Amino acid sequence: MAPPIEVTESAVTILERLRVRAPRVHCITNSVAQQYTANVLLAAGALPSMTISPEEIGSFVAGSDVLLVNLGTFDTQRRAAIGAALDAAKIGQKPWVLDPVFIERAPDRARFARELLSRNPAVVRLNNAEFGALSGCDPAGDAPERFAQSHATIIALTGTADLVTDGARRAKIVNGDPLMALVTAMGCAGSALVAAALVVEPDPFVAASAMLTVFGVAGEVAAEDAGGPGSFAGAIIDALHGLDGATLRRRARVS
Amino acid sequence: MAPPIEVTESAVTILERLRVRAPRVHCITNSVAQQYTANVLLAAGALPSMTISPEEIGSFVAGSDVLLVNLGTFDTQRRAAIGAALDAAKIGQKPWVLDPVFIERAPDRARFARELLSRNPAVVRLNNAEFGALSGCDPAGDAPERFAQSHATIIALTGTADLVTDGARRAKIVNGDPLMALVTAMGCAGSALVAAALVVEPDPFVAASAMLTVFGVAGEVAAEDAGGPGSFAGAIIDALHGLDGATLRRRARVS
Amino acid sequence: MAPPIEVTESAVTILERLRVRAPRVHCITNSVAQQYTANVLLAAGALPSMTISPEEIGSFVAGSDVLLVNLGTFDTQRRAAIGAALDAAKIGQKPWVLDPVFIERAPDRARFARELLSRNPAVVRLNNAEFGALSGCDPAGDAPERFAQSHATIIALTGTADLVTDGARRAKIVNGDPLMALVTAMGCAGSALVAAALVVEPDPFVAASAMLTVFGVAGEVAAEDAGGPGSFAGAIIDALHGLDGATLRRRARVS
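Every value quoted in this text rests on a predicted model; they were computed, and no experiment measured them.

Caption draft 1: Inspection of the sheet that holds strand S8 (residues 170-173) of chain A at higher detail. Residue and element names in this part refer to chain A. Across the sheet, which stays open at both edges, the 8 strands sit in the order S2-S1-S3-S4-S5-S6-S7-S8 with mixed pairing between neighbours. Strand pairing shows two members of the sheet lacking a second neighbour, strand S2 (47-49) and S8, which therefore form its edges. Strand-to-strand twist in this sheet, taken as the mean axis angle between neighbours without regard to direction, amounts to 20°. Of the strand pairs in this sheet, strand S6 (residues 154-157) and strand S7 (residues 162-165) are connected by 3 bridges, and their pairing is antiparallel. Bridge pairing in S7 places Ile155 opposite Thr165.

Caption draft 2: Representation of the sheet that holds strand S2 (residues 47-49) of chain B within the structure. Residues and elements named next belong to chain B. With respect to topology, 8 strands assemble into an open sheet ordered S2-S1-S3-S4-S5-S6-S7-S8, the strand pairing being mixed. In the strand order of this sheet, the two ends are held by S2 and strand S8 (170-173), each with one partner. Taking the axes of each pair of neighbouring strands and ignoring which way they run, one obtains an average angle of 20° across the sheet. Helix-sheet contacts for helix H7 (residues 143-150) involve strand S6 (154-157), strand S7 (162-165) and S8, and the interaxial angle to S6 is about 145°.

Caption draft 3: Structural detail: the interface of chain B and chain C. With 24 residues of chain B at the interface, the matching set in chain C holds 26 residues. Per element, the largest residue contribution to the side of chain B that touches chain C is 5 residues, and it comes from helix H10 (residues 229-242) of chain B. Looking at the side of chain B that touches chain C residue by residue, the classes come out as 11 nonpolar, 9 polar and 4 charged.

Caption draft 4: Representation of the relation of the copies chain A and chain B within the structure. Of the two same-sequence chains, chain A is brought onto chain B (RMSD 0.0 Å, axial shift 0.0 Å) by a rotation of 120°. Expressed as a symmetry operation, the mapping of one chain copy onto the other fits a three-fold axis. Across chain A, the smallest distance between a C-alpha and the rotation axis is recorded for A:Ser31, namely 3.8 Å. The fraction of interface residues of chain A whose copies in chain B are also interface residues is only 12%, indicating that the copies meet through different surfaces.

Caption draft 5: Molecular detail of the relation of the copies chain B and chain C. Taken as rigid bodies, chain B and chain C are interconverted by a rotation of 120° and an axial shift of 0.0 Å, the fit giving an RMSD of 0.0 Å. When the interface residues of chain B are mapped onto chain C, a mere 12% of them are again interface residues, pointing to distinct binding faces.

Caption draft 6: Just the interface of chain A and chain B, in detail. Contact with chain A, which involves 24 residues of that partner, is made by 26 residues of chain B. Elements with a minimum of two residues in the side of chain A that touches chain B: helix H2 (34-44), helix H5 (107-116) and helix H10 (229-242) of chain A. Top element by residues in the side of chain A that touches chain B is H10(A). It accounts for 5 residues. Class assignment for the residues of the side of chain A that touches chain B results in 11 nonpolar, 9 polar and 4 charged.

Caption draft 7: Quick look at unusual backbone geometry. Residue and element names in this part refer to chain B. For Gln93, which is not glycine, the phi torsion reads 50° and is therefore positive. Within the secondary structure, Gln93 is located in the loop between helix H4 (76-91) and strand S4 (96-99). For Gln93, a count of 6 C-beta atoms within 10 Å puts it in the exposed group. Residue Ala152 is not a glycine yet carries a positive backbone phi of 50°.

Caption draft 8: Representation of the packing of helix H1 (residues 4-21) of chain C against helix H9 (residues 204-223) of chain C in the model. Residue and element names in this part refer to chain C. As a packed pair, H1 and H9 sit with axes 8 Å apart at the nearest point and diverge in direction by 80°. The orientation of H1 with respect to H9, classified from their angle, is roughly perpendicular. In contact with Val7, Thr8, Ser10, Ala11, Ile14 and Leu15 of H1, H9 contributes Val206, Ala207, Ser209, Ala210, Met211, Thr213 and Val214. Across the contact of H1 with H9, the residue classes break down as 9 nonpolar, 4 polar and no charged.

Caption draft 9: Highlighting the pairing of strand S7 (residues 162-165) of chain C. Residues and elements named next belong to chain C. What you see with S7 is no split at all: Asp162 and Val164 on one side and Leu163 and Thr165 on the other are buried throughout. Once strand S6 (residues 154-157) ends, the chain turns through 4 residues before running back antiparallel as S7. One ladder, built from 4 bridges, connects S7 with strand S8 (residues 170-173); its direction is antiparallel. Paired with Thr165 across the two strands is Arg170, which belongs to S8. From the end of S7 to the start of S8, which pair antiparallel, there are 4 residues, and Gly167 there has a positive phi angle of about 105°.

Caption draft 10: Summary view of the environment of A:Ile173. Residues and elements named next belong to chain A. By the secondary structure assignment, Ile173 is in strand S8. In sequence terms Ile173 and Thr213 are 40 residues apart; their C-alpha atoms lie 6.4 Å from each other. Not counting residues up to four positions away in its chain, the partners in contact with Ile173 are Ala161, Asp162, Ser209, Leu212, Thr213, Gly216, Arg253 and Val254.

Caption draft 11: Representation of helix H3 (residues 54-62) of chain B in the model. Three or more residues of H3(B) are buried, namely B:Glu56, B:Ile57, B:Phe60 and B:Val61. The buried residues of H3(B) all sit within an arc of 145° when viewed along its axis, so they share a single face. The elements touched by buried residues of H3(B) are H5 of chain A together with strand S1 (24-28), S2, strand S3 (66-70) and H4 of chain B.

Caption draft 12: Spatial organisation of H1(C). Residues and elements named next belong to chain C. With 18 residues, H1 ought to run about 26 Å at 1.5 Å a step, and its terminal C-alpha atoms sit 25 Å apart, in line with that. Along H1, the positions that sit buried rather than exposed are Val7, Thr8, Ser10, Ala11, Val12, Ile14, Leu15 and Leu18. Lining the buried residues of H1 we find helix H2 (34-44), S8, helix H8 (186-200), H9 and helix H11 (245-251). Of the residues trailing H1, Ala22 is marked for its positive phi of about 50°.

Conventions we followed
- Residues numbered from 1 in each chain as written.
- Chains lettered and ligands numbered in written order.
- Predicted model: local features only at pLDDT ≥ 70, side-chain atom pairs only at ≥ 80, totals over all residues.
- Pairing = 2+ DSSP bridges.
- Helix = DSSP H or I, 4+ residues; strand = E, 2+ residues; numbered from the N terminus.
- Axes fitted to C-alpha atoms, helices over the stretch in contact; angles between N-to-C directions.
- Contact = placed C-beta atoms within 7 Å.
- Nonpolar A, V, L, I, M, F, W, Y, C, P; charged D, E, K, R; others polar.
- Least-squares fit on C-alpha atoms with pLDDT ≥ 70 in both.
- Buried ≥ 20, exposed ≤ 12 C-beta atoms within 10 Å, placed from the backbone.
- Parallel < 35°, antiparallel > 145°, perpendicular 65-115°, else oblique.
- Arc of directions from axis to C-beta.
- Expected span 1.5 Å × (residues − 1).

This is the structure we're talking about:
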């Protein structure tokens, strides 16, 4: 339903704009993912901050352009920080992205993620198991579309193929490489990139589709010379940093 | 005392089984080691989870195959999480590995580690200084054997050479490379690999000996082309991911 | 004002001494920077520890040679840990380094950093924005000198060029590479290196100037073959580990 050419051209534009604008992305993310997420954001031109202290997160979010809320390594402090951060994001009219990590493994976390849906995330980035826990549905057929529509958000479902929908439009992205699943925090870092893209692209469906295309293409480029997941983790950051429009146009496989 | 050929063949089998079975390894580990531990587990075929929130750790352990308890960056939250995690592991009859990091530097942590011995770890992976703080003995002579026997556990003592004993059997592994000591969390990651091996090998003495052999061989392979500890950190993950039976059989030095 | 040759020769000597002495550096640092800081310290020959538990930090600092206090990801636990750690450092007469990360983004953190100045840090390592928030002045003219003098500390201001002053002397270091700004925790790791140098060089002005020269030269060497910020993050650790006196003397650009 989405014009694929539009997603690719938007990817080129978003990447250029990120490098010029250097948006500030505040990340409430799990301790496993903090370092990698920061390095991926820096490679794309964005400026990460990572504090989760409830007392000072309000002023960090107020000084940022967008917020990422990732539920990995969920604890009391992060729960309090999320509330304060979302309040600050609402006041500052800043978009935010929800990444409901591992909610299929912990009922409390799933409940909390469902509550967060009422606070209007611009995009929810998740995998099939997490979608099941969030929606109660299998991600087959038009379940993602129905869920996106009923919650007025974008669902960005990543896996072997990525599917992005706002309920009316759907983009399918088949870029990427199996090595991406062998590096911890790769999905978390992808959510952070989507958050950064929201600053420079007003349509969140386009921002999410384009940025997952960018990340998938970077993964393919990196996989060509990587000797395994260890060197790949650095190589995808190199590839993202060096990615140009010509490579994106040649490699993007969006339908 | 251990038939070396048995350890090597078990290493080959364990590595194959990990890749097929993809066991879930829940890690309570220090914040310095979380990312590296996760990436090493993924490279070996295992699926890591890392939450330390006392409220939800029970459900994570219940959904895992094995538990790792690492005492680095020890704090109130982790202490509570460890109790809840061990309760869940006992109910689910899941084995667990103790890694008493840096207990020679903090008396409280050493006391806590000694208490944990009564909760029946399948394996205790530690270095010489930590063994001294845990047992009150120098790791010379048959001190490791006596300690393993009296606590009905496996002692896996790593260093220039690795020594594994269940009190009756002893394996000595001389694989590895000095660069392994120059990457933070390398020992922590080794403990996590031993935990993963417990899922696919019922004899914890064999699991620990074999997995330390695997890790040491991966280290040797990685050191051949590494330019220093920075590239080595990624290269050992590549080597672990690509390790095959022929390389293991050719390089294993177990006696 | 500083004799450049003296800084370069001190850099050579400090690097040699670190490798022999292997000083213990206790780091209270943010969770984003812990792993990278530990690996950079190990590459330079130092032994890092990272616990932030208020209950045991006293015994860790007592067993260390120097302390680093980094305010990134500032929270209640770290605030308590800092107080206990500084008490232990004072009793043990151990020097400490302050790295007031991101204080320009959070007024409470800036206030806390200003309070810490009264506890006599040997060196304050920071960037221009952080200097502004700490001192209330633009870092132009002789503002760094005046601030260093009035607080009886060393100001090490890093950026495109690094400036180190004790109020009377000033060193300007123009080594380094733009890729250093694209790896998270690079500045934090630099502060940790300065802390390590304090153990083997009694003049903190010389220690800070020399160690920032070392790190900048390592960055230049690493940048020569790096494919981007991902591989650069590992390459600078390799370069630091392999750095020799001849390379330092050839490349150091201190005035």
